[in-house]
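# Fold and geometry: a report
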Amino acid sequence: MKAVVTGGAGFIGSHLVERLLETESTVTIIDNLSTGRIDNIKKFASSIEFIEQDLSLPGKWQKEIAKSDVVFHLASLADIVPSIENPSLYYSSNVTSTLNIAEAAKANSTKVVYAASSSCYGIPDQYPTKENAEIRTEYPYAMTKRLGEELIIHWGKVYKFPVVSTRFFNVYGTKSRTSGTYGAVLGIFLAQKLAGKPYTVVGDGTQTRDFTYVTDIVDGLIQVCHKNITSDIFNLGSGQTYSINKLVSLLGGEVVYIPKRPGEPNVTHADISKAKKYFDYSPSISLEEGIRNVLDNIDYWRDAPVWTPESIAEATQAWFKELG
Ligand code: UDP
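What counts and how
- Residues numbered from 1 in each chain as written.
- Predicted model: local features only at pLDDT ≥ 70, side-chain atom pairs only at ≥ 80, totals over all residues.
- Heavy atoms only, no water.
- Helix = DSSP H or I, 4+ residues; strand = E, 2+ residues; numbered from the N terminus.
- Rg over C-alpha atoms; globule rule 2.2 N^0.38 Å.
- Buried < 20%, exposed > 50% of the residue type's maximum accessible area, 1.4 Å probe, protein only.
- Contact = heavy atoms within 4.5 Å.
- Areas by Shrake-Rupley, 256 points an atom, 1.4 Å probe, with all protein chains shown as cover.
- Lys, Arg positive; Asp, Glu negative; His and termini not counted.
- Charge placed at Lys NZ, Arg CZ, Asp CG, Glu CD.
- Near = heavy atom within 4 Å.
- Polar contact = N/O pair within 3.5 Å; in protein donor to acceptor, adjacent residues only side chain to side chain.
- Phe/Tyr/Trp six-rings, centres within 6.5 Å; stacked < 30°, edge-to-face > 60°.
- Lys NZ or Arg CZ within 6 Å of the ring centre and 35° of its normal.
- Expected span 1.5 Å × (residues − 1).
- Salt bridge = Lys/Arg side-chain N within 4 Å of Asp/Glu carboxyl O.
- Pairing = 2+ DSSP bridges.
- Axes fitted to C-alpha atoms, helices over the stretch in contact; angles between N-to-C directions.

### Focus on the overall build of the protein
- Looking only at helices and strands, the protein features 12 helices and 13 strands.
- Against the 2.2 N^0.38 benchmark of 20 Å for 324 residues, the protein shows a C-alpha radius of gyration of 19 Å, consistent with a compact globule.
- Along the first, second and third principal axes, the C-alpha atoms of the protein reach 55 × 45 × 40 Å.
- Among the 324 residues that make up the protein, the fraction classed as buried is 53%.
- Put simply, 81% of the contacts in the protein that link residues at least 6 apart link residues at least 24 apart.
- As presented, the protein carries roughly 13900 Å² of accessible surface, and 50% of it is formed by carbon and sulfur atoms.
- Taken as two groups, the 32 positive and 36 negative side-chain charges of the protein have centres that lie 4 Å from each other.

### Quick look at unusual backbone geometry
- That bond from tyrosine 127 to proline 128 is cis: its omega, -15°, falls within 30 degrees of zero.
- By the element assignment, proline 128 lies in the loop between strand S5 (111-117) and helix H5 (140-159).
- Even without being glycine, lysine 175 reaches a positive phi, approximately 70°.
- Phi at serine 231 is positive, roughly 60°, even though this residue is not glycine.

### Here's the deal with the site of the ligand
- Around the ligand there are 14 residues in total, and Tyr182, Val185, Thr200, Val202 and Arg209 lie nearest to it.
- Within the side chain of tyrosine 182, one N or O atom sits 2.8 Å away from an oxygen atom of the ligand.
- Contacts to the ligand include arginine 209, whose side-chain N or O atom sits 2.7 Å from an oxygen atom.
- Residue assignment for the shell around the ligand shows that the elements contributing at least two residues are helix H6 (185-195) and strand S8 (199-202).

### Topic: the packing of aromatic side chains
- Scanning the entire structure with this criterion turns up 10 aromatic pairs.
- Centre to centre, the rings of tyrosine 172 and phenylalanine 211 are 6.2 Å apart; their planes meet at 85°, and the pair counts as edge-to-face. You can see tyrosine 172 sitting in strand S7 (residues 171-172) and its partner phenylalanine 211 sitting in the loop between strand S9 (208-209) and strand S10 (212-213), a full 39 residues away along the chain.
- A connected cluster of aromatic rings, assembled from ring pairs, spans Phe234, Tyr278, Phe279 and Tyr281.
- One Lys or Arg, lysine 106, reaches over the ring of tyrosine 159 and ends 4.0 Å from the middle of that ring.

### Quick word on helix H1 (residues 11-22)
- For H1, with 12 residues, the first-to-last C-alpha span of 18 Å sits near the 16 Å given by 1.5 Å per residue.
- Restricting attention to buried positions, one finds in H1 the residues Phe11, Ile12, Gly13, Ser14, His15, Leu16, Val17 and Leu20.

### What to know about the pattern of salt bridges
- Applying the stated criterion to the full structure yields 18 salt bridges.
- One salt bridge connects arginine 177 with aspartate 79, and the closest N-O pair in it is separated by 2.9 Å. Linking arginine 177 in the loop between S7 and H6 with aspartate 79 in the loop between strand S4 (70-73) and helix H3 (81-85), this pair joins segments that are 98 residues apart in sequence.
- For arginine 177, a relative accessible area of 29% corresponds to the partly exposed category.

### Concerning the sheet that holds strand S2 (residues 26-31)
- Here we have seven strands laid out as an open sheet, ordered S3-S2-S1-S4-S5-S6-S11, and parallel in their pairing. Strand pairing shows two members of the sheet lacking a second neighbour, strand S3 (48-52) and strand S11 (232-236), which therefore form its edges. Here the strands of the sheet are splayed against their neighbours by 20° on average, with no regard to which way each runs.
- Sheet contacts for helix H4 (residues 87-108): strand S1 (2-6), S4 and S5; angle to S4, the most-contacted strand, approximately 175°.
- Sheet contacts for H5: S5, strand S6 (163-168) and S11; angle to S5, the most-contacted strand, approximately 160°.

Next up, the structure:
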């Protein structure tokens, strides 16, 4: 199989590339290294093609997709606050780029596996949440990921190439991003642990998340890619939920409490029965095991920013101002 992985130098992408190389695949990574890191792929650098490219600009890189059997489109900007501060950047990174991928895929009916976000459900009516739940995007990151999903599915239908969209739930694991922006909870807590600072727990920490270990997501992506599925959407989560207090107890250490933010769900919980039925998706890594793996590799977060209640209050000003 000839595969392209956009965002292949990033957190989830680099795990996916590693797995693809264990099978018969040849892999080309397209990544602009805005949040991805060469370090993430150096172990297998000699076995891949690497194209450093901004996907929001059409170009020769699209030929690479036209020549491939599948493109896993994982490249995107993440995080809530910068998406509120700079929505046009998020639009070009997450929507225009997806348009360029779609245009490349239609040339030779390359299969597209799109990485969507469970943030499209906002605060849903039902838990666990199924794929047919109402779309309730709360902020530009969620909206641009959803627009990309609609766009790629529409292009696939009109121009007749296979598209599968997978909605990720709270993915964590080794190599999760440690760039400057205020991002996903685990990276924040690991940097605080290394610095001997208290964990900044939002609210009372009883809110729960469907924390999904990265290799379970990778399994799902590989499984869905090998099935003959056209134009469909699947949740990829663990199907379990764990509280932030549980996460803290596994990491060990002091906590400090910070205010709840507008629009944040109290629960995320994937209904994964559709993925189980269609491609035997069976996530197997418990939070306990996943956190053990991460703690074994905690040095990765050595240079990550250490957030404090004060710096978080400053960094999340736009969140409270625009969504409050
Ligand atoms: N969270 C926290 N402290 C932080 C950052 C996040 O307690 O410094 C909580 C947050 O309130 C949420 C959970 O961790 O309940 C997951 O947050 P993240 O931003 O990783 O994912 P999302 O809220 O988008 O699911």
